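Residues per chain, in single letters:
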Amino acid sequence: MNTPPDKKITMTFHSHPTRHLYMRWKMQLHFPQGAGKDATIPITIADGEGKNVDVALLEFAGKRIRVRDGKAEISYADFIAGKHEKSVWLYRHGILPIPGSLTFE
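Residues numbered from 1 in each chain as written. Predicted model: local features only at pLDDT ≥ 70, side-chain atom pairs only at ≥ 80, totals over all residues. Heavy atoms only, no water.

1. Quick look at the packing of aromatic side chains
So, point 1. Under the defined criterion, the tally for this structure stands at 5 aromatic pairs.
So, point 2. Between Phe13 and Phe60 the ring centres are 5.2 Å apart and the planes differ by 80°, which places this aromatic pair in the edge-to-face class. One end of the pair, Phe13, is in strand β1 (residues 9-15); the other, Phe60, is in strand β4 (residues 55-60), with 47 residues separating them in the sequence. Both residues of the pair, Phe13 and Phe60, count as buried.
So, point 3. Relative to Tyr76, the ring of Phe31 has its centre 6.0 Å away and its plane inclined at 85°; by these criteria the two rings are edge-to-face. Pair noted here: Phe31 is in strand β2 (residues 25-31) and Tyr76 is in helix α1 (residues 76-81), with a separation of 45 residues, a long-range link. Both residues of the pair, Phe31 and Tyr76, count as buried.
So, point 4. Through a chain of ring-to-ring contacts, the aromatic side chains of Phe13, Phe31, Phe60, Tyr76 and Phe79 assemble into a single cluster. (Phe/Tyr/Trp six-rings, centres within 6.5 Å; stacked < 30°, edge-to-face > 60°. Helix = DSSP H or I, 4+ residues; strand = E, 2+ residues; numbered from the N terminus. Buried < 20%, exposed > 50% of the residue type's maximum accessible area, 1.4 Å probe, protein only.)

What follows is the structure, encoded as structure tokens:
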């Protein structure tokens, strides 16, 4: 399974709503053109105020992924292997863990 050779694909996930914007988050996976099993998929994560999430742990596709300065990554193979895992959580120091899900923008 590869992404189309002529277009980039972005998948967007949002946290469940919270009272405070700083607790919310938005995650985007950026699939490059023609990405296949050997590709690395960049991930960006910002809080509800639009600021990059400094340090966090992302639970996604059955993996625990470190986030630094709003950036993380997952291998295409790990993404495909965990595509049926429904849990998406962001863990940040001093903030309750917040779940999220795939959205359409």
